[in-house]
Every structure is written in C-alpha cells, then in structure tokens.
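Each chain, letter by letter, is given below.
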Amino acid sequence: METVVSGIRSTGNLHLGNYFGAVKNFLKMQRENNCFFFIADYHSLTTHPKPSELQRNIRQVLAEYLACGIDPEIATIFIQSDVPEVTELYLLLNMNAYIGELERTTSFKDKVRSQPDNINAGLLTYPVLMAADIIIHKATKVPVGKDQEQHLEMTRKFARRFNTMYGTDYFPEPDAYNFGEQLVKIPGLDGTGKMGKSEGNGIYLSDTPKEIRKKVMRAVTDSGPQGENQEMSEPVRNLFTLLNVVSDPSVVDSFKEQYNRGTIRYGDLKKQLAEDIIRFNEPVRERIEEISADSHYLNKVVKEGAAKARESAAATIKEVRHIIGYRPFV
Ligand code: TYM
C-alpha cells in the first residue's frame, strides 16, 4: 500500500482539466492506498482572493471533490489551512531551498510574465509549500497532471536534500502516480495551451448544458482541412483530445476518418463534443448542487479530515524537529 498525497488549488471551480488530469485517478487510487486529498487554500493566497471569495471557493471545491466520488470514508480529505503543521515544515524546507532554483521554475517564470504587478514571495516559494504538503505525510505517490511534473521533481530534490543534510533516509522521494498512464494535459478551448483556472478557457464541472454548448461552439478551430490526410492544426487536435476523454471510441474514430478524408464539418464535431461533455458533466453537476446544500455533511467531512491529517502531520513534525536538532532542555 502506498501513501498518496494530492491537492487542488481553491482558486476557482474544478474544470475538466482537473478532473481528467488528476481527480479521475484519485478515484481509482483511494480504494487501494492510504490517500490524502486536500484543498490547497494557502496556495490560493498567491492570487489575493477576498476573504468572502476564499471561503466560497474552498467550500465549492470541497463539494466538487465529493461530487466526483472522493470518499471521505476511505480517503482523508482535508483543507490545507486546517493543518498548520504544514507551514512549519514549509519554513524548515525554505532554509534549504535556493533562490536560483526557485527563480528558474517554469511556473514562477510564467507568473512573472503574466502578473508583473504581483510577484510575491509566496509565488517564488510555491514549490516549497507543495513539497511540504507531500512529504509531511511521507507520501510515495503523487497523482498529478503534466503541468505539475516540475514541481514534483523539486519535491524529490527537497526531500533528498533534507536527507543528505541530516544524514538520514527519513523522507521518501515521491513519484508521479497515474496508474501507468502518461501524465495528461487537457487543452483549453482557445486553441493553445492547457485548460486552466486563470486562463478563462475551461469547462467547469458546475457548468450548465447551456453554458457548455455556448463555450464549445465558440471553441477555436481553423479554416478547415485543405485535402486528404492533412496534418492537424493545434486547435483541432485539442478538440480531438477532448473528444477522446468524453466520447465513445467509435465516435472519435468516425470523426478522425472524416478528417482524414477532408470531409469533416467542425460544427458537427463541436455539437457532438458538447453533447458528450454534457452527458459526462450533468450527473456530476447535480451531485455538486446536492452536496453544496448539505452544510452538515460538509462540516463533518472537513472536521474528520482535519483530525486525520493533523495526526499524520504532527507525527512527522515531531520527528523532523528532533532530526534537525530541536530537543527539550534538560
Ligand atoms: P491545480 O489546482 O492547478 O490543479 C490540480 C490538479 O489538476 C491538474 N490539472 C490538469 N491536468 C491535466 N490537464 C489540465 N489542463 C490540468 N489543469 C490542472 C494538475 O496537474 C493538478 O494535479 N500545485 C497544485 C496544487 C497542489 C498540489 C500539492 C498537488 C498544492 N500542493 C501537493 C499535489 C500535491 C496545483 O496548482 O494544482
């Protein structure tokens, strides 16, 4: 049995990228492993949410996690800020994280470009907090999408560095865990890049059929195939990637064939894609509404999750303090 840790930032509602990149794997994993799934609400502070937004987002992501099928009876599901031990490990790991390597992180460099007015130290040390989240439970596996690969590599580095510095093999070096599948990148509807919370190019699990149809019909394509067996442009390839995750393989094959013959009509492809997304999404959206309305249940889940996560985190912190040299005076 492996110990698994994974998180989702509470920066906004869950989208299909989160689901097919990460959450879908959590569902399989929770049955066979010791799983910790959490809502990364400290991480969400890097974007400066208002207090009322912060609370609403945490609650929403929690309800969405549960609606997707994460089962609090078998996995530990908790809110990051309910486990303050993680901030202590974050502080300790920060002493062994070097400015140069943090500045070279791709996600940091992206933020420097995209939000030049808010390059805060939390963004710089984001991978350190993420490492603390993972190793505080001595996780061996971390299910993530392709975009988190580098952060996970840094987690391994910080764990290894701690072990080397203190001459111990205390922290395991965790691997990505996707059931032997490749790490995936679900694209957005804007023709390039990945579906993301900040990019405004996503379909959310809470979107209504009407919203989904509107978004999909507006998705970027190209001017149409110019002949047989043409190489696909990125926006069209992206639509096929989405079709692949929500549609029946026979549907995908049929559109591929039409593409290769040069007879495809993107309008038909989009209509099919929208309906298949709706078919996947509707039961989840209905569950989200049901669970969101059940404050008593949500309360119980976070209370029990916090207790379990704190127990695990506190045991690690106690040992880490000892390893570092914090000892009681005698
Ligand atoms: P976040 O909230 O951006 O994304 C949560 C999970 O969803 C995956 N994901 C995607 N996968 C495929 N295609 C996409 N378009 C896509 N968009 C998002 C992400 O890879 C991730 O697995 N830093 C993390 C949160 C975090 C965390 C952790 C994760 C904090 N501490 C410890 C694992 C372990 C993040 O921003 O995820």
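Residues numbered from 1 in each chain as written. Predicted model: local features only at pLDDT ≥ 70, side-chain atom pairs only at ≥ 80, totals over all residues. Heavy atoms only, no water.

Trainee: Explanation requested: helix H3 (residues 85–94) in the structure shown.
Mentor: Helical geometry note: an α-helix holds 3.6 residues per turn, so side chains three or four residues apart project in the same direction. All buried positions along H3 are accounted for by Glu85, Val86, Leu89, Leu92 and Leu93. End-on, the buried residues of H3 take up no more than an arc of 120 degrees, which puts them together on one face. Elements that come into contact with the buried residues of H3 comprise helix H7 (126–135) and helix H13 (295–324). (Buried < 20%, exposed > 50% of the residue type's maximum accessible area, 1.4 Å probe, protein only. Helix = DSSP H or I, 4+ residues; strand = E, 2+ residues; numbered from the N terminus. Arc of directions from axis to C-beta. Contact = heavy atoms within 4.5 Å.)

Trainee: Just to check I follow, could you spell out the pairing of strand E1 (residues 3–9) for this structure?
Mentor: Looking along a regular strand, one sees side chains alternate from face to face of the sheet. Most of E1 sits inside the fold, with five of its seven residues counted as buried. Summarising the sheet, E1 and strand E2 (residues 34–40) pair through seven bridges and their orientation is parallel. Paired with serine 6 across the bridge in E2 is phenylalanine 37. In the classification by handedness, the crossover that spans E1, the intervening helix H1 (residues 16–32) and the parallel E2 is right-handed. (Pairing = 2+ DSSP bridges. Right-handed = clockwise from strand over helix to strand, strands pointing away.)

Trainee: What should I look at first to understand empty space enclosed by the protein in this one?
Mentor: Over the atoms rolls a probe the size of a water molecule, and its path tells where empty space is left. The final tally for this structure, using the stated rule, is two cavities of 30 Å³ or more. In this model, the largest cavity occupies a volume close to 60 Å³. Taken together, Phe38, Phe78, Gln80, Val83, Val86, Asp133, Ile136 and His137 make up the lining of the largest cavity. Along the lines of polarity and charge, the residues of the lining of the largest cavity split into five nonpolar, two polar and one charged. Roughly 40 Å³ of internal volume is contained in the second largest cavity. Residue lining of the second largest cavity: Pro72, Glu73, Tyr297, Lys300, Val301 and Glu304, and that is the complete set. For the lining of the second largest cavity, the class distribution of residues is three nonpolar, no polar and three charged. (1 Å grid on protein atoms, 1.4 Å probe; cavity = no way out; pocket = protein on both sides within 12 Å on 5 of 7 lines; lining within 4 Å. Points joined across faces, edges and corners; volume = space filled by probe spheres on them. Nonpolar A, V, L, I, M, F, W, Y, C, P; charged D, E, K, R; others polar.)

Trainee: Would you mind going over the site of the ligand with me for this structure?
Mentor: The environment of the ligand is made up of 27 residues, and the closest members are Arg9, Tyr126, Asp133, Gly145 and Asp147. Side-chain polar atom of arginine 9 to an oxygen atom of the ligand: 2.7 Å apart, as the coordinates give it. At 2.8 Å from an oxygen atom of the ligand is found a main-chain nitrogen or oxygen belonging to glycine 145. Taking 700 Å² as the accessible area of the ligand by itself, protein coverage stands at 99%. Structurally, the ligand is housed in the largest pocket. Listed by contribution, the elements that provide at least two residues to the shell around the ligand are E1, H1, E2 and H7. Residues belonging to the shell around the ligand are distributed by class as follows: 12 nonpolar, nine polar and six charged. (Near = heavy atom within 4 Å. Polar contact = N/O pair within 3.5 Å; in protein donor to acceptor, adjacent residues only side chain to side chain. Areas by Shrake-Rupley, 256 points an atom, 1.4 Å probe, with all protein chains shown as cover. Sits in = over half its atoms within 2 Å of the grid points.)

Trainee: How should the packing of H1 against helix H12 (residues 266–292) be read in this particular structure?
Mentor: Between two packed helices, the angle of one axis relative to the other and the distance separating the axes together describe the packing. Interaxial distance between H1 and H12 falls to 12 Å at its minimum, and their mutual angle equals 75 degrees. Taken as axis vectors, H1 and H12 run roughly perpendicular relative to one another. On H12, the residues touching Leu16, Tyr19 and Phe20 of H1 are Ile277, Phe280 and Asn281. (Axes fitted to C-alpha atoms, helices over the stretch in contact; angles between N-to-C directions. Parallel < 35°, antiparallel > 145°, perpendicular 65-115°, else oblique.)

Trainee: Sorry if this is basic, but what is going on with the side chain of aspartate 276 here?
Mentor: Residue position: aspartate 276 is located in helix H12. Residues contacting aspartate 276, with those up to four places away along its chain left out, are Val246, Ser247 and Val251.

Trainee: Where do I start with the layout of surface pockets in this structure?
Mentor: Here the largest pocket defines a volume of roughly 1,100 Å³. Around the largest pocket, the lining is made up of 45 residues, and of these Arg9, Tyr126, Asp147, Gln148 and Lys194 lie nearest the centre. Examining the composition of the lining of the largest pocket, we find that seven residues originate from one element, helix H5 (residues 106–114), more than from any other. Here the lining of the largest pocket is built from residues that sort into 16 nonpolar, 18 polar and 11 charged. Of the voids in this model, the second largest pocket is the one considered here, and its volume is about 190 Å³.

Trainee: So what exactly am I meant to see when it comes to the nonpolar core here?
Mentor: Here is a general trend for soluble globular proteins: nonpolar side chains tend to be buried in one another's company. Grouped together as the largest cluster of nonpolar side chains are 59 residues, with contacts concentrated most on Tyr65 and Phe240. Take this core: its biggest share by element is nine residues, from H12. Residue assignment places this core across two domains, with domain 1 (3–184 + 295–324) and domain 2 (209–289) each supplying three or more. Sequence-distant contacts of phenylalanine 240, defined by excluding residues within four places in its chain, comprise Met232, Val252, Phe255, Lys256, Tyr259, Ile264 and Leu269. Leu123, Ala131, Ala132 and Phe171 belong to the second largest nonpolar core, which has 38 residues in total. (Core = buried A, V, L, I, M, F, W, Y, C linked by side-chain atoms within 4.5 Å. Domains from an automatic or database assignment.)

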